[in-house]
Amino acid sequence: FQDTNPLQLELVRAIAGSRQNVTVVGDDDQSIYTFRGAALGNILGFEASFPGHRRVVLRRNYRSRAPILTASRRLIRHNDPHRLEVLEGLDKTLVAARRVRRPAPVRHLAFRSVSEEADAIAAEIAGRVEAGARPRDFALLVRTNAEADPYLRSLAVRGLPCRFSGSSHLFAAPDVRELLAFLRTVADPDSTVALYALATGEPYGLGGDELTAVL
């Protein structure tokens, strides 16, 4: 519910009518749709619209282990005092359902560029695969689909098999990806990412030696 806007709240009110039989789930720490009117006030507005509501705080986390939850909480609290937890006096400290004897710690690494980061991640995965791990043991999370390309290229350079699940249907087709790379290069010749994709794809198919000479 954190991603709804005031108009959608009015729609919920209209659907509920006099029955007041409504259940919503919301977490203000996950609100990312402020560009279209989503706001913390909408959660508070819901509570004002349904005064007989019962609040249930969900604190058990089934996805991540304790070090990830601890690091996430430490980071998100930089948004205090504007968070619902502070404003409403709630305790949203998550408890990990997944437990291991020695959970791996969270590491924070900084890089000068996206390509440097992608190469470092690919090197890390390649080293672990050489040590006996399986490629399927690793997952990379990116904020948007468009940001995945540098990481996919770095993995491909090292011969690491991967599956990109963020893109689907028409835009995942190789011919469409090549066409988009061509159009992006025409629109912006300085777009090195699109130019690289165009040069290495069909019909050009430039290899390492040719690309080095061009560079």
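Since the model is a prediction, treat every value here as computed from it, not as a measurement.

### Brief notes about the environment of alanine 148
- Tracing the backbone through its elements, the reader meets alanine 148 in the loop between helix H5 (114–130) and helix H6 (149–157).
- Note: C-alpha distance between alanine 148 and phenylalanine 164 (16 residues apart in sequence) is 8.3 Å.
- Beyond its immediate chain neighbours, meaning those up to four positions away, alanine 148 contacts Val142 and Phe164.

### What to know about the nonpolar core
- Formed by Phe1, Leu9, Val12, Ala16, Ile43, Phe46, Phe50, Leu84 and Leu90, the largest nonpolar core amounts to nine residues.
- When residues of this core are traced back to their parent elements, those giving at least two are helix H1 (6–16) and helix H2 (40–49).
- Among the elements that make up this core, the one with the highest residue count is H1 (three residues).
- Not counting residues up to four positions away in its chain, the partners in contact with alanine 16 are Val22 and Phe50.
- Ranked by size, the runner-up nonpolar core spans five residues in total, among them Ile125, Ala126, Leu155 and Leu160.

### Observations concerning the packing of aromatic side chains
- What the rule picks out here adds up to three aromatic pairs.
- Ring geometry for tyrosine 33 versus phenylalanine 35: centroids 5.6 Å apart, planes at 50°, classification tilted.
- Since its relative accessible area comes to 31%, tyrosine 33 is described here as partly exposed.
- Taken together, a centroid distance of 4.7 Å and an interplanar angle of 35° make the contact between phenylalanine 46 and phenylalanine 50 tilted. Each of the two residues, phenylalanine 46 as well as phenylalanine 50, counts as buried.
- In textbook terms, an aromatic cluster arises when at least three aromatic residues are bridged by ring pairs, as seen for Phe1, Phe46 and Phe50.
- Sitting above the plane of the tyrosine 33 ring, arginine 36 keeps its charged end 4.7 Å from the centroid.

### Comments concerning the packing of H5 against H6
- Between H5 and H6, the least distance of the axes is 8 Å, while the angle of their chain directions is 40°. Classed by the angle they form, the pair H5 and H6 counts as oblique. Considering the relative orientation of H5 and H6, their crossing is right-handed. Here Val114, Glu117, Ala118, Asp119, Ile121, Ala122 and Ile125 of H5 come into contact with H6, specifically with Pro150, Tyr151, Ser154 and Leu155.
- Per-class residue counts for the contact of H5 with H6 are eight nonpolar, one polar and two charged.

### Focus: the packing of helix H7 (residues 174–187) against helix H8 (residues 192–200)
- Between H7 and H8, the shortest axis-to-axis distance is 8 Å and the interhelical angle comes to 130°. The pairing of H7 with H8 is recorded here as oblique in orientation. At the point where H7 passes H8, the crossing takes the left-handed sense. For the pair formed by H7 and H8, the contact residues are Ala181, Phe182, Arg184 and Thr185 on the first element and Ala194, Leu195, Ala197 and Leu198 on the second.
- Each residue belonging to the contact of H7 with H8 can be placed in one class, and the counts come to six nonpolar, one polar and one charged.

### Some points on unusual backbone geometry
- Between aspartate 80 and the following residue, proline 81, the backbone shows a cis peptide bond with an omega angle of 5°.
- Residue placement: proline 81 occurs in the loop between helix H3 (66–76) and helix H4 (84–87).

Rules used in this analysis
- Residues numbered from 1 in each chain as written.
- Predicted model: local features only at pLDDT ≥ 70, side-chain atom pairs only at ≥ 80, totals over all residues.
- Heavy atoms only, no water.
- Helix = DSSP H or I, 4+ residues; strand = E, 2+ residues; numbered from the N terminus.
- Contact = heavy atoms within 4.5 Å.
- Core = buried A, V, L, I, M, F, W, Y, C linked by side-chain atoms within 4.5 Å.
- Buried < 20%, exposed > 50% of the residue type's maximum accessible area, 1.4 Å probe, protein only.
- Phe/Tyr/Trp six-rings, centres within 6.5 Å; stacked < 30°, edge-to-face > 60°.
- Lys NZ or Arg CZ within 6 Å of the ring centre and 35° of its normal.
- Axes fitted to C-alpha atoms, helices over the stretch in contact; angles between N-to-C directions.
- Parallel < 35°, antiparallel > 145°, perpendicular 65-115°, else oblique.
- Left-handed = near helix turned anticlockwise from the far one by under 90°.
- Nonpolar A, V, L, I, M, F, W, Y, C, P; charged D, E, K, R; others polar.

Everything listed here is a matter of coordinates, which is why it stays silent on function.
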